[in-house]
Amino acid sequence: MKTIFQMSSPGRIGASLPELDVPAESSIPNELSREGDGHVGLPEATEGQILRHYVNLSTMNHHVDKGMYPLGSCTMKYNPKQYEDLARIKGLSGIHPMCPDELAAGSLELMYRLGEFFCEITGFEGVSLQPAAGAQGEFCGIMLIKSYHESRGEAYRNEVLMPDSAHGTNPATSTLADCVVVGVESNEYGLVDPEDLRRKVGPNTAAFMLTNPNTLGLFESHIEELTSIVHEAGGLNYMDGANMNAMLGIAKPGEMGFDVCHLNLHKTFATPHGGGGPGSGPVPCTRELARFLPDPVVILDEKGNYSLMKRQDSLGKLMAFHGNTGVLYKAYAYIRTLGAEGLREVSENALINANYLKAKLGEYFDNPFDNGPCMHEFVLSGDRQAEQGVKTLDIAKRLLDYGFHAPTIYFPQIVHEAMMIEPTETESLEDLDAFAEAMISIAGEATEKPYLVTDAPINTPVLRLDEVKAVKELCLVEPDEKGDNQ
Amino acid sequence: MLREIGVETFEELLEPVPGKFRLTEKLHLPEPLSELELTREFEELAKRNIGAELVCFMGAGAYDHFIPAAIDHILLRSEFYTAYTPYQAEVSQGTLQAIFEYQTMIARLTGMEMANACMYDGASAAAEACLMAMRITRKQRILVAGSLNPRWLDVIRTYLKRNDFEINEIPFLEDGTLDIAIARKLIEGGTAAILIPYPNYFGLIEDLQPFAELVHEHKGLLIVAADPVALPLLRSPGDAGADIVVGEGQSMGIAMSYGGPYAGFMASRTKLARKMPGRIIGRTEDRAGQIGYVLTLQTREQHIRRDKATSNICSNQALMALANVVYLSLMGEKGFREVSSQCYHKSHYLEKKLLEIPGTSRVFEKTPFFREFIISFPVSSIGLSDRMIEQGILAGMPIVELGEGAMLITVTEKRTRHEIDRYVKIATEICSGGSA
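Residues numbered from 1 in each chain as written. Chains lettered and ligands numbered in written order. Predicted model: local features only at pLDDT ≥ 70, side-chain atom pairs only at ≥ 80, totals over all residues.

K.L.:
Break down the overall build of chain A for me, citing the residues and quoting the values.
P.N.:
For chain A, the count of helices and strands is 15 helices and 12 strands. Over its C-alpha trace chain A gives a radius of gyration of 25 Å, about what one expects of a compact globule, namely 23 Å for 486 residues. For chain A, the spread of C-alpha atoms along the principal axes amounts to about 75 × 70 × 45 Å. Scored against the burial criterion, the 486 residues of chain A give a buried share of 59%. Partitioning the intrachain contacts of chain A with sequence separation of at least 6 by distance along the chain shows that 71% fall at a separation of at least 24. (Helix = DSSP H or I, 4+ residues; strand = E, 2+ residues; numbered from the N terminus. Rg over C-alpha atoms; globule rule 2.2 N^0.38 Å. Buried ≥ 20, exposed ≤ 12 C-beta atoms within 10 Å, placed from the backbone. Contact = placed C-beta atoms within 7 Å.)

Here it is, written out as structure tokens:
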């Protein structure tokens, strides 16, 4: 499709402003003014053209409101429409972040209550709502742990232990926090091997980072043993909450020996992903860690007033303001809609849907860690199909032809040709069956007509794209009229 | 479904969860609300945000600009807001092309060669730019302008909290511009970058070029934290010699929303793209030679490079970047310059009028400013702010570090002459000891 720049014609404008109603008396000195003739290179188009352009672009996207999105560990559930309207109520969306606290009492009360909900759901006592996304939540959590060690004169603790199945953000976060990653092996059941953990902990252990349920969709059954091993070595336990959708009202990380976790509101708490963000990654933690929480936290005083406060030992700020507040509004609405029983039902149905699909597909694909029920997701291997020359990437692309998004592929790395499938609780039985039928049909094609799979996708706005060319012949911006900028 | 799974009860699915951790009591949460009740609750909460009703002259990092209605109609397309990160490019061309266009607009605004697909906010983008400069230069000191937004400096300190990293502040002179003589001393012995806000926290426009020359002489990089709304009028950071340009995109079509979600932007030169954090969209072709877009240079990123990645960032603020690109399209070449120009003139108009009040003065003489300025009132700025609030005006941000009467005041294109004149009238009454 043409770009917005290619539709541009001098003189067109897509929005109008009132005329300037004050005298224009001074101007910016020449030496500080925009170079050349002041031209920026923004488009010139009418509102109608612009709307048509972006609406046409939008139709090239797959999205949750169109069809199933079984991306493992991403929890692509339905996003209730009402919450979009609620977050846009002027009182909530139109308020300046530095407004005095007493003039922002509504937002602050909502944020305070939301923090309380998160503590109740996770079994913790303090919370930061500031992190913008899961990865920033991880950074917050590891920095809390570092602050704790420093406060005890053990600033030298710099090793973060994690299993080989960890999300990529976990090791990247550890590096950002100036720690080194120590890998811990998984056992034949896909769970962390307690013996290996015991070998790896030591006087330099800062933290153990674990996703639970793990990235295979399995609950770490030895969790108490694992977290105890780390505590005994003087380290703390961090839970990556990407998979919290399996545990709402079922179990609490705070009771399993974890000291801190993050939540992904854009996963578990139904806020939309927006094509890659904004997310929100609140961090609940123990009372002991709470004194180091980022600046600010929301507090409630004896008089019933809510305010923002910087804790004395705060690790500092992660964002300029208080977090992705507009996302927090929606998560609050979600919890208020569902209540305790509704949240538990979310996780129950997430587990049932995942186990149902696992049972349906078990015959057609390999499942290297099928030793009983999974939690909210499971990981299949495309090994059997790969032997026939059809790779997992091909299966993923063929699913697009059937109108489904692909599962998360090639992750976790401990499974060959991995396909990580998370249906979520909001898919109906009919949709689950249709997805299973598509997968089974593709398994059949892989044997009988493999070209259908390896040539896929064919029913999409573009055919398979050349990623190598994209890297070799970097084109990151539209060339301007002069041919520069390429 | 349970039968298909091969269990009799749901509890059997919980078999891997040790019994002692299975909750037996339900969570202590308020009773659920119906849609109608929830709307009522939100309306009640919104009403208590009295600040949203005030006429806003507060800035300091978040701004009350005009937002054309058409933007939300695009953001509320399910196709955009209920999609995930565009991992499967063939069914994500909408998001990918829109963000490619965003990258292009950010690059053009800043005078740079390329931009990434956005960061969390301006402050975290600035912190990531410092880390990027340290990776490129292999040096571990950053010189930060003392006139940078203090909240941004806090974020940078959090991200750079390491024993081997050093952050030094370049102080500002009486006129609010940076003291280059001190910068010359501080830069010796291995500086990765100088970071300069443009305009600075006080609205003042710094001449970037001497700092670009200084830092380049010492084989470091110039990072500019630019306010995008000022850029149609100002010499572009790229032209002045910047190597990395970051900034806050909230001013371009995003609601203030009590602090977020916003979108930080980051632009640079193509030769530095491989050291950049965050997602980057590139143009390519499909099997039939048709143009298409993909996430590119992914080997920089955490899901591939893990502990060697350029950043841990995964989700960014894509929908907010979409708001930026739709805003810049709607405003376009002419409209965005008009926004910039009106901010400039309206802020100068208010400043001039306020200086007519006996006892008020400029804190920084003569330095050109954009949209924001500091006035010293003859009364306490905190007291004045409180009394202006009673009159329905959010007067600005008291900056007591610059004096008891000092206030940072912002005027966007949204403020009318009537609102500005009313500000002056009430401030005059308060300053003269009258009962406003």
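K.L.:
Residue-level account of the environment of T104(B), with values.
P.N.:
Looking at the secondary structure, you find T104(B) in helix α5 (residues 93-110). In this structure the C-alpha to C-alpha distance between T104(B) and K353(B), which are 249 residues apart in sequence, comes to 40 Å. T104(B) has contacts with F5(A), V477(A) and E478(A), leaving out every residue within four places of it along the chain.

K.L.:
Give me the lowdown on the sheet that holds strand β3 (residues 141-145) of chain B, citing residues and values where you can.
P.N.:
All names here are of chain B. Across the sheet, 7 strands lie side by side as β2-β8-β7-β6-β5-β3-β4; this open sheet has mixed pairing. Here the strands that pair on one side only, and so sit at the sheet edges, are β2 (114-115) and β4 (166-170). As paired elements, strand β5 (residues 193-198) and strand β6 (residues 221-226) share 6 bridges and run parallel to each other. Residue L195 lies in a different strand from β6, and its bridge partner there is I223. (Pairing = 2+ DSSP bridges.)

K.L.:
Could you give me a rundown of the interface of chain A and chain B, with the residues and numbers involved?
P.N.:
Taken together, the contacts link 166 residues of chain A with 161 residues of chain B. Class assignment of the residues belonging to the side of chain A that touches chain B gives a composition of 87 nonpolar, 48 polar and 31 charged. (Nonpolar A, V, L, I, M, F, W, Y, C, P; charged D, E, K, R; others polar.)

K.L.:
Explain the domain arrangement of chain B to me, using residue names and the numbers behind them.
P.N.:
Residue and element names in this part refer to chain B. Along its sequence, chain B is carved into domain 1 (55-66 + 332-431) and domain 2 (70-327). Here the C-alpha centroids of domain 1 and domain 2 sit 28 Å apart. Contacts between domain 1 and domain 2 engage 25 residues on the former and 19 residues on the latter. Taken together, the elements giving at least two residues each to the side of domain 1 that touches domain 2 come down to α12 (318-355) and β12 (372-376). Considering every element that reaches the side of domain 1 that touches domain 2, the biggest residue donor is α12, with 7 residues. By residue class, the composition of the side of domain 1 that touches domain 2 is 14 nonpolar, 5 polar and 6 charged. (Domains from an automatic or database assignment.)

K.L.:
I'd like to hear about the confidence of the model for chain B, residue by residue, with values.
P.N.:
In the predicted model, chain B carries a mean pLDDT of 97, and 99% of its residues have values of at least 70. Scored by ipTM, the complex comes to 0.97, with pTM at 0.97. (pLDDT = per-residue confidence, 0-100.)

K.L.:
So, the sheet that holds strand β11 (residues 408-409) of chain A: which residues are in play, and what are the values?
P.N.:
Residues and elements named next belong to chain A. Across the sheet, 3 strands lie side by side as β10-β12-β11; this open sheet has antiparallel pairing. In this open sheet, the two edge strands, each paired with only one partner strand, are β10 (378-381) and β11. Here β11 pairs with strand β12 (residues 418-421) via 2 bridges, running antiparallel. Within the sheet, the bridge partner assigned to I409 lies in β12 and is M419.

K.L.:
Give a detailed account of helix α12 (residues 392-401) of chain A, specifying residues and quantitative values.
P.N.:
Residues and elements named next belong to chain A. With 8 of its 10 residues buried, α12 lies for the most part within the structure. Buried residues of α12: T392, D394, I395, A396, K397, R398, L399 and L400, and no others. Taken together, the buried residues of α12 touch α11 (383-386), β11, β12, α13 (429-448) and α14 (450-454). Just downstream of α12 lies G403, where phi reads positive at about 90°.

K.L.:
I'd like to hear about helix α6 (residues 122-137) of chain B, residue by residue, with values.
P.N.:
Its 16 residues give α6(B) an end-to-end C-alpha distance of 22 Å, which sits within 8% of 22 Å, the value for a rise of 1.5 Å per residue. Counting buried residues in α6(B) gives 14 out of 16 residues, a clear majority hidden from the surface. (Expected span 1.5 Å × (residues − 1).)

K.L.:
Which residues make up the packing of helix α10 (residues 325-361) of chain A against α13(A), and what values go with them?
P.N.:
Residues and elements named next belong to chain A. At their nearest, the axes of α10 and α13 sit 10 Å apart, and the two run at 30° to each other. Between α10 and α13, the interaxial angle falls into the category roughly parallel. In this structure, α10 crosses over α13, and the sense of that crossing is right-handed. Together, N353, Y356, L357, K360 and L361 of α10 and L432, A436 and M439 of α13 make up the contact between the two elements. (Axes fitted to C-alpha atoms, helices over the stretch in contact; angles between N-to-C directions. Parallel < 35°, antiparallel > 145°, perpendicular 65-115°, else oblique. Left-handed = near helix turned anticlockwise from the far one by under 90°.)

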